[in-house]
Structures are given as structure tokens and as C-alpha cells.
Amino acid sequence: MGKAEEFEELRALLFSIAYRVLGSVTEAEDAVQETWLRYDASATRPDSVKAFLSTTVTRIAIDVLRSARVRREEYVGPWLPEPLLEDPYADPARAAELADSVSMASLLLLERLSPLERSVFVLRDVFAFGFGDIAAAVGRSEAACRQLLVRARRHMREGRPRFEADRAEQRELAGRFFDALSRGDVEGLRSLLAADVRLVGDGGGKAPQLARTVVGAENAARLLATVYPLMAEAGITCEPREVNGRPGALFRVRDGRVLHILSLDVLDGRIRTVRSVINPDKLGHLGPVADAWQADREVKALRGRASRAE
């Protein structure tokens, strides 16, 4: 098997490692491409191609993450990961770990870790790498990696909810949510939202976004029931999709361009968090991106017309 074929066999794994370390589809794809360039330029043949490529992509991702953390501290408004509709890597034996580790909630917890803690956690607890390979990937001893993992697990455990809904319950609740959303049903939405639900929007200063995070079932239900029916009237369509392994939806304007992504967190039979990614820089991998400002103007015009009619 040639180098290109060996690399393609492992591309999905490499992307999935890089995405979990970086929380960015674009940066993960760039890290995978850089890994290929380094492998292609290497004159030596590694004993284990998988170990060599995994080490390379992890080191690249760590370097990128260190510089990205500075940019994220200066980010306008809440920062959310780039949405992922399909994880290219599949392992039936670790399906639950893979799905959980790619969720928005888990990626945001990973943001609390140092780049080394994050990388060790991803390689060990998500992809079950041995400590020898992890040590080589992050440039630390096996003993140091074990300590990094202990700290990472503690931080992740402290931030996780105690009980999570199973996938069938999540899908059923999401279906009722999007049905109530389309009808502008305040009561229906309120009944599905946790009392302390949070609406979080990521526009990055490049698209209309919430002035602040909206907290509470009453506030969230009224806002959602007001805005989304007007969006439908403006020709914006809602496509229920799995987003980062959780229920969500992809919204498009009339000509099919992507407007934004919605992702739901479900806990104890209620929707706990609604996250919206509308920053165009985070949607380009999903297809042509709409002008969110224009869509916002259309929705506001419809809202003003409705108010005058009352």
C-alpha cells in the first residue's frame, strides 16, 4: 500500500482527533492536510503509520490550539465550536464515547482544559490510545500523561450533568420542540424547556446575535415563539439534523444558503440549552453561507408590519 492509500485509511481518525482538540472543522481539516504534507515529505518509513500520523496531527493541533486560545479570549460574544453534522470516524465498540465527546457541551468543557490535558483526554478516553503512544504524541513521559489525564477527567466530571437523556428521548423531545417552534406556541415551548434554560448565540460580531444570553423558560419561550415563525414567513426553512451528536437543525434562506445552526441539550426530560451558531466563518464547511444581516432586516420588517397591524 502506498503512502496516499495509508493516509486515506486513517484520514477520518485524524480529523476526529483534531476536531475534538480544536473544536473547529476548518482548523481540523488544515491540521489533517499539514499532517499529510509532513508524512509525504518524510524519507523514513514509520513502524506504525497510525502512531506516526496520530502523533503528528496531535502535535499540530496542540500548536494551533495554543494560538487559538488567545483569539478566543478576544472573541466578540460567546464562543461556540464549529458545528459538525457528521463525524467521519466510526467505531461501534466506542460509539457512546464518540458521540458524547463531540457534543457542544463536551467540547465547551474541553475548552477549560490546557492543550496538553485536552489532547491526553481525547487520545485516551475517546480513542483508547495506549500511554506510550500518547506520551510520544504530546512530548511528555507516560507518568506525566497519567497525571494530565487525572486532572482532565476531574475537570470534565465536575462540569458534566449527573444524568443525560437517552438518544430516543432526545429525538422525541426535539421533534416536539421544533413543532412548537414552527407554530409559535409559547405554552408548548415553555413546557419543553428547563426552568433555567439558556439561549446562547454565537455571531462573533459578524452576524446578528443575542445582546446577551437569555435565561429562563418564560423569556426563552417568548423570544423563540416570536422570532421563528417570522423567519418561516421570510422563507427561512428549518431542517432537523443531528448536530454534534445531539438534536438540532440547519436553517436556510430561500435560495438554499446556510443561515445558522441550532443545537439542543436535553437533561431530565427538558431542554437545558439552546445554542445557535450564526457566525458565517463557522458555517462555510456546510455550503454557501447566507447574508445574515439581510435575513435579519427581513424578519424585523415583518415584525414591524405585524406590530402596526395590531
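Residues numbered from 1 in each chain as written. Predicted model: local features only at pLDDT ≥ 70, side-chain atom pairs only at ≥ 80, totals over all residues. Heavy atoms only, no water.

## Some details on the packing of helix α1 (residues 3-22) against helix α3 (residues 49-73)
Our working definition: For helices, the fitted line uses only the C-alpha atoms of the stretch in contact; every axis is such a line through C-alpha atoms, and the angle between N-to-C directions lies from 0 to 180 degrees. Every helix listed is a DSSP run of H or I at least four residues long, and every strand listed is a run of E at least two residues long, numbered separately from the N terminus. An angle below 35 degrees is read as roughly parallel, one above 145 as roughly antiparallel, one from 65 to 115 as roughly perpendicular, and any other as oblique. By convention, the crossing between two helices is left-handed when the near helix turns anticlockwise from the far helix through less than a right angle, and right-handed when the turn is clockwise. Two residues form a contact once any of their heavy atoms are found within 4.5 Å. Residues are sorted three ways: Asp, Glu, Lys and Arg are charged, Ala, Val, Leu, Ile, Met, Phe, Trp, Tyr, Cys and Pro are nonpolar, and all the rest, Gly among them, are polar.
Contact pair α1 / α3: the axes reach a minimum separation of 9 Å and the direction vectors enclose 30°. One element, α1, and the other, α3, form an angle in the roughly parallel class. The handedness of the crossing between α1 and α3 is right-handed. Together, Glu6, Phe7, Leu10, Leu13, Leu14, Ile17, Ala18, Val21 and Leu22 of α1 and Val49, Lys50, Leu53, Ser54, Val57, Thr58, Ala61, Val64, Leu65 and Arg72 of α3 make up the contact between the two elements. Taken together, the residues of the contact of α1 with α3 break down into 14 nonpolar, 2 polar and 3 charged.

## Focus on the packing of aromatic side chains
Two aromatic rings, taken as a pair, are described by how far apart their centres are and by the angle between their planes. Definition in use: Two rings from Phe, Tyr or Trp (for Trp, the six-membered ring) form a pair when their centres are within 6.5 Å of each other. A pair whose planes differ by under 30 degrees is stacked, one over 60 is edge-to-face, and the rest are tilted. Note on exposure labels: buried denotes an accessible area under 20% of the residue type's maximum, exposed denotes more than 50%, and partly exposed covers the range between, all computed with a 1.4 Å probe on protein chains only. Only when the NZ of Lys or the CZ of Arg is both within 6 Å of the ring centre and within 35 degrees of the ring normal is a charge said to sit over the ring.
Under the counting rule described, the total for this entry stands at 7 aromatic pairs. Aromatic pair Phe177 and Phe178: ring centres 5.2 Å apart, planes at 80°, arrangement edge-to-face. Look at Tyr228 and Phe251: their rings are 5.4 Å apart centre to centre, the planes differ by 50°, and that puts the pair in the tilted class. With Tyr228 in helix α11 (residues 217-233) and Phe251 in strand β4 (residues 246-252), the pair connects residues that are 23 residues apart, well separated along the chain. Residue Phe251 is classed as buried on the basis of its relative accessible area, which comes to 3%. Joined through ring pairs, the aromatic side chains of Phe7, Trp36, Tyr39 and Phe52 make up one cluster. The aromatic ring of Phe131 is capped on one face by Arg146, whose charged end is 4.0 Å from the ring centroid.

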